[in-house]
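# Descriptive structure summary
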Amino acid sequence: MIGRLFRTLTPLGWFAATLAVAALLLILGRGLGLRWDPLNLQARRLEAAEQGLGRAEAEAAARSLEAAARAGQVKSLDAFHRNALAVTQATVAAETQARNADDAQTPLDPARVERLHEHDRELCRLAPGLAGCAAPSDPA
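Okay, so let's go over this structure. (Residues numbered from 1 in each chain as written. Predicted model: local features only at pLDDT ≥ 70, side-chain atom pairs only at ≥ 80, totals over all residues. Heavy atoms only, no water.)

Time to look at the overall build of the protein. Helices and strands together make up the secondary structure of the protein, namely four helices and zero strands. Reading the secondary structure of the protein in the N-to-C direction produces α-α-α-α. Scaling as 2.2 N^0.38, a compact globule of 140 residues should have a C-alpha radius of gyration of about 14 Å, whereas the protein reaches 44 Å, well beyond that. Dimensions of the protein, computed from C-alpha atoms along their principal axes, come out at roughly 135 × 40 × 20 Å. Looking at the protein as a whole, 1% of its 140 residues qualify as buried. (Helix = DSSP H or I, 4+ residues; strand = E, 2+ residues; numbered from the N terminus. Rg over C-alpha atoms; globule rule 2.2 N^0.38 Å. Buried < 20%, exposed > 50% of the residue type's maximum accessible area, 1.4 Å probe, protein only.)

Here you go:
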């Protein structure tokens, strides 16, 4: 019977039989846990996945730092605005009190007036953007 099979197979039949035996051996080997990777593709895939994981972890750490910095910046900006509002309220209250004081219309001593003007000029020199300061002159 086997001899008769050998004589009846054509070259295409032999090729198909060889492929069937190879596929059967491959399936049987895989079932037994055998792996054949002559190009080391599995290790390359693993290395690429590990590199991707490292990159993702680094990006996640960077995003965490950015979020923490953003939260700190918002907190600092809120504190600045609260401070600016408190300064404005205190200034308005002091100015109103000074304008409504009993001695608001009493002239000051000229030496004291000069000291106050000198102090105002120094403040304007340090912070030219303050309200009431003259714009800095352009040297050009």
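As a further point, take the pattern of salt bridges. For the structure on display, the rule yields five salt bridges. A salt bridge links Arg 63 to Glu 66; its shortest N-O distance comes to 3.3 Å. Of this pair, Arg 63 and Glu 66 are both found in helix α3 (residues 41-100), three residues apart, which corresponds to roughly one turn of the helix. Since its relative accessible area comes to 48%, Arg 63 is described here as partly exposed. With relative accessibility at 38%, the residue Glu 66 sits in the partly exposed group. Glu 95 is paired through a salt bridge with Arg 99; the nearest N and O atoms lie 2.9 Å apart. Here Arg 99 and Glu 95 lie together in helix α3, a separation of four residues that amounts to about one turn. Take Arg 99: its relative accessible area is 60%, and that puts it in the exposed class. (Salt bridge = Lys/Arg side-chain N within 4 Å of Asp/Glu carboxyl O.)

A surface patch of nonpolar side chains, amounting to about 540 Å² of accessible area, comprises Val 21, Leu 25, Leu 28, Leu 32 and Leu 34. Note that Leu 32 resides in the loop between α2 (11-31) and α3. Judged by its relative accessible area of 65%, Leu 32 is exposed. (Patch = residues over 30% accessible without salt bridge, like charges linked within 9 Å, V, L, I, M, F, W, Y side chains within 5 Å. Areas by Shrake-Rupley, 256 points an atom, 1.4 Å probe, with all protein chains shown as cover.)

Despite not being glycine, Asn 40 shows a phi value in the positive range, around 60°. In this structure, Asn 40 sits in the loop between α2 and α3.

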